[in-house]
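So the chains spell out like this:
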Amino acid sequence: MNHLMGMLQSKVRPIQLAAYKILAKLMSLLPEYDKGRSDVANTDETGETNVPLPEMLKEAILSSTFYLESVLEDVPVGECITVESGTEVYQTTMTYLLAWRLALIFFKAAPVELRAQYANFFRQSGLVDSLLINLFRLMPIVPLLSDKDAKSPFKGVQPSMFTQEPALKIKGCGSSPIEPQHLACSVYNNTLEDLPAMVRQWWNSQNKRIKEHIDRFTTKFTSPILCAKEIQGVQKSTTKMDNMTIKARSKTREVIATYRMDDMSMDLVIKLAVNHPLGVIVVDSGKRVGVSAAQWRNWMLQMTTFLVHQNGTIVDGLKVWKSNIDKRFEGTDDCMICYSVIHGSNYSLPQLTCKTCKKKFHSACLYKWFNTSNQSSCPLCRNLF
């Protein structure tokens, strides 16, 4: 593994790409080794746990980030720099983008609970913010393919560098200035797909000019693809979920989830924004039978929270929401701060119990309560926790 990561930074293109292709097959196997390992987890000042990337992959990203930022710092966001073949900048740019593709493969392969901890690492390190700024200096303003015969796999979507993956051929294809541009488009598309909440948060923090440019670019070239993938993911899903069925409407960009338990049933209508995933997903109520208005509003709020904060697909969010409702029916107590069984960002259960009133809380919720209230008392009975 360490030897292959060293080869990923090779100046010889065939060696670099060969190392990448081998590592890409290994990445999806690695999260399994981080399950339940407290020695690799870190807890920050807010009580959130994070798990870093594999050390050599993290170092490859950090070193190439430092170099690339010094090269791109004067390039305005939205203007594409041309990286000439055969230069040190070209080799480092390829290392940077390939390493990020590996990181996203690694992230996507993790189970949802572990994925939340990797996402915390990305957030706290600031690496994703840096990546997104750099991508908008590397992607072409008009990312269309030179191949006139190219076809898009998505109905109604124009063929572009987002609809077709870069070839990355080891033999018979030399380097060109187009390659890092195409690869940057691929990484941006993968980042939007795998880290939507993080990208949305970053986008909302940008100034008006940058925000508008990113919105136009994403809405035109990537949102139609990602919406189509979300809808297809629902339609083609083979996962069977007790008590819940999911349907999708491609024309209206809607996903309809129906949950049934005994004499109770309820529908949720989830609508993707035209600039998905930058725009917030809207959750509307459908039919409900045997559910009080207050409980219904609470569950709708929980669904919105899961979809806003989770980094994954709509189906992933629905699975977490369903698990939350299931555990409620099984008798698991809500956290008495957020009124949810499953925490909205780290997916933990309420495990900390007040010795006086016996109510349970998520550790992250309680930590936040202690910090904001400047007290160490129970939020309910006010006795010392």
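Residues numbered from 1 in each chain as written. Predicted model: local features only at pLDDT ≥ 70, side-chain atom pairs only at ≥ 80, totals over all residues. Heavy atoms only, no water.

Q: How would you explain a nonpolar patch on the surface if you had to name every residue and give the values?
A: Nonpolar side chains collect at one region of the surface, where Met1, Ile22, Leu26 and Leu29 lie side by side and expose about 330 Å² of accessible area between them. Structurally, Leu26 can be placed in helix H2 (residues 13-27). Here Leu26 falls in the partly exposed class, since its relative accessible area comes to 32%. (Patch = residues over 30% accessible without salt bridge, like charges linked within 9 Å, V, L, I, M, F, W, Y side chains within 5 Å. Areas by Shrake-Rupley, 256 points an atom, 1.4 Å probe, with all protein chains shown as cover. Salt bridge = Lys/Arg side-chain N within 4 Å of Asp/Glu carboxyl O. Helix = DSSP H or I, 4+ residues; strand = E, 2+ residues; numbered from the N terminus. Buried < 20%, exposed > 50% of the residue type's maximum accessible area, 1.4 Å probe, protein only.)

Q: Quick rundown of the nonpolar core? Include the residues and the values.
A: Ranked by internal contacts, the top residues of the largest apolar core, which has 68 residues, are Trp100, Phe122, Met139 and Tyr188. Broken down by element, the residue count for this core peaks at 12 residues, all from helix H4 (residues 88-109). If we skip the residues at most four places from it in the chain, Phe122 touches Leu53, Trp100, Phe107, Leu127, Val128, Leu195 and Met198. Among the nonpolar cores identified, the runner-up in size contains 34 residues, and Ile231, Met241, Val255 and Trp299 belong to it. (Core = buried A, V, L, I, M, F, W, Y, C linked by side-chain atoms within 4.5 Å. Contact = heavy atoms within 4.5 Å.)

Q: I'd like a rundown of the sheet that holds strand E4 (residues 254-261), residues and numbers included.
A: Taken together, the four strands give an open sheet; going across it, the order is E3-E4-E5-E6, and neighbouring strands pair in antiparallel fashion. At either end of the open sheet lies a strand with only one pairing partner, and these are strand E3 (244-249) and strand E6 (282-289). Looking at each pair of strands side by side, their axes are set apart by 15° on average, direction ignored. Of the strand pairs in this sheet, E3 and E4 are connected by six bridges, and their pairing is antiparallel. Each bridged residue has a counterpart across the sheet, and for Arg249 the counterpart in E4 is Glu254. Helix-sheet contacts for helix H11 (residues 293-309) involve strand E5 (264-271) and E6, and the interaxial angle to E6 is about 145°. (Pairing = 2+ DSSP bridges. Axes fitted to C-alpha atoms, helices over the stretch in contact; angles between N-to-C directions.)

Q: I'd like to hear about unusual backbone geometry, residue by residue, with values.
A: Going from His276 to Pro277, the amide bond is cis rather than trans, its omega being 5°. Mapping Pro277 onto the fold places it in the loop between E5 and E6. Phi is positive for Asn243, close to 75°, though the residue is something other than glycine. With respect to the helices and strands, the residue Asn243 is situated in the loop between helix H10 (223-235) and E3. Looking at Asn243, the relative accessible area reads 34%, which means it is partly exposed. A positive phi angle, close to 60°, is found at Tyr339, a residue other than glycine.

Q: Let's hear about the environment of Ser186: which residues, and what values?
A: With respect to the secondary-structure elements, Ser186 resides in helix H7 (residues 178-194). When sequence neighbours within four positions are dropped, the list of residues in contact with Ser186 reads Arg101, Glu165 and Pro166.

Q: A description of helix H13 (residues 363-373) should follow, citing residues and the corresponding values.
A: In an α-helix there are 3.6 residues to a turn, and that puts residues three or four apart on one side. Of all the positions in H13, only Ala364, Cys365, Leu366 and Ser373 are classed as buried. Where H13 terminates, the next one or two residues include Asn374, which has phi positive at roughly 55°.

Q: Explain the pattern of salt bridges to me, using residue names and the numbers behind them.
A: Tallied over the entire structure, the rule returns nine salt bridges. Of the charged contacts in the structure, one is a salt bridge between Lys58 and Glu55, with a shortest N-O distance of 3.5 Å. Taken together, the residues span about one helical turn, with Lys58 and Glu55 both in helix H3 (residues 55-72) at a distance of three residues. Take Glu55: its relative accessible area is 47%, and that puts it in the partly exposed class. With its nearest N and O atoms 2.7 Å apart, the salt bridge here joins Arg101 to Glu165. With Arg101 in helix H4 and Glu165 in the loop between helix H6 (127-138) and H7, this pair connects stretches of sequence that are 64 residues apart. Members of the salt-bridge network, linked through shared partners, are Lys108, Glu193, Asp194 and Lys229.

Q: Before we move on, could you go through the packing of aromatic side chains and cite the residues and values that matter?
A: For the structure shown, the criterion picks out 14 aromatic pairs. Seen in terms of ring centroids, Phe136 and Phe217 are 5.6 Å apart; in terms of plane orientation they differ by 70°. Their pairing is edge-to-face. Of this pair, Phe136 sits in helix H6 while Phe217 sits in helix H9 (residues 208-221), and the two are 81 residues apart along the sequence. Residues Phe136 and Phe217 agree in their burial class; the two are buried. Here Phe370 and Phe385 contribute two aromatic rings whose centre-to-centre distance is 6.0 Å and whose plane-to-plane angle is 65°, an arrangement assigned as edge-to-face. A residue pair is termed long-range when its members are at least 10 positions apart, and Phe370 in helix H13 and Phe385 in the segment after H13 qualify at 15 residues. Overall, Phe385 belongs to the partly exposed group, its relative accessible area being 35%. Connected via pairs of aromatic rings, a cluster forms that spans Phe136, Phe162, Tyr188, Trp202, Phe217 and Phe221. (Phe/Tyr/Trp six-rings, centres within 6.5 Å; stacked < 30°, edge-to-face > 60°.)

Q: Any chance you could break down H4 for me, citing the residues and the numbers?
A: Between its terminal C-alpha atoms H4 stretches 32 Å, which fits the 32 Å expected from 22 residues at 1.5 Å a residue. Within H4, 17 of the 22 residues are buried, which leaves the element mostly enclosed by the surrounding structure. (Expected span 1.5 Å × (residues − 1).)

Q: Run through the packing of H2 against H4, naming residues and quoting values.
A: Between H2 and H4, whose axes approach to 9 Å, the crossing angle comes to 10°. Here H2 is positioned roughly parallel relative to H4, judged by the angle of their axes. For the pair H2 and H4, the sense of crossing is right-handed. Here H2 contributes Gln16, Leu17, Tyr20, Leu23, Ala24 and Met27 to the contact with H4, which in turn contributes Gln91, Met94, Thr95, Leu98, Arg101, Leu102, Ile105 and Phe106. Residues that form the contact of H2 with H4 fall into these classes: 10 nonpolar, three polar and one charged. (Parallel < 35°, antiparallel > 145°, perpendicular 65-115°, else oblique. Left-handed = near helix turned anticlockwise from the far one by under 90°. Nonpolar A, V, L, I, M, F, W, Y, C, P; charged D, E, K, R; others polar.)

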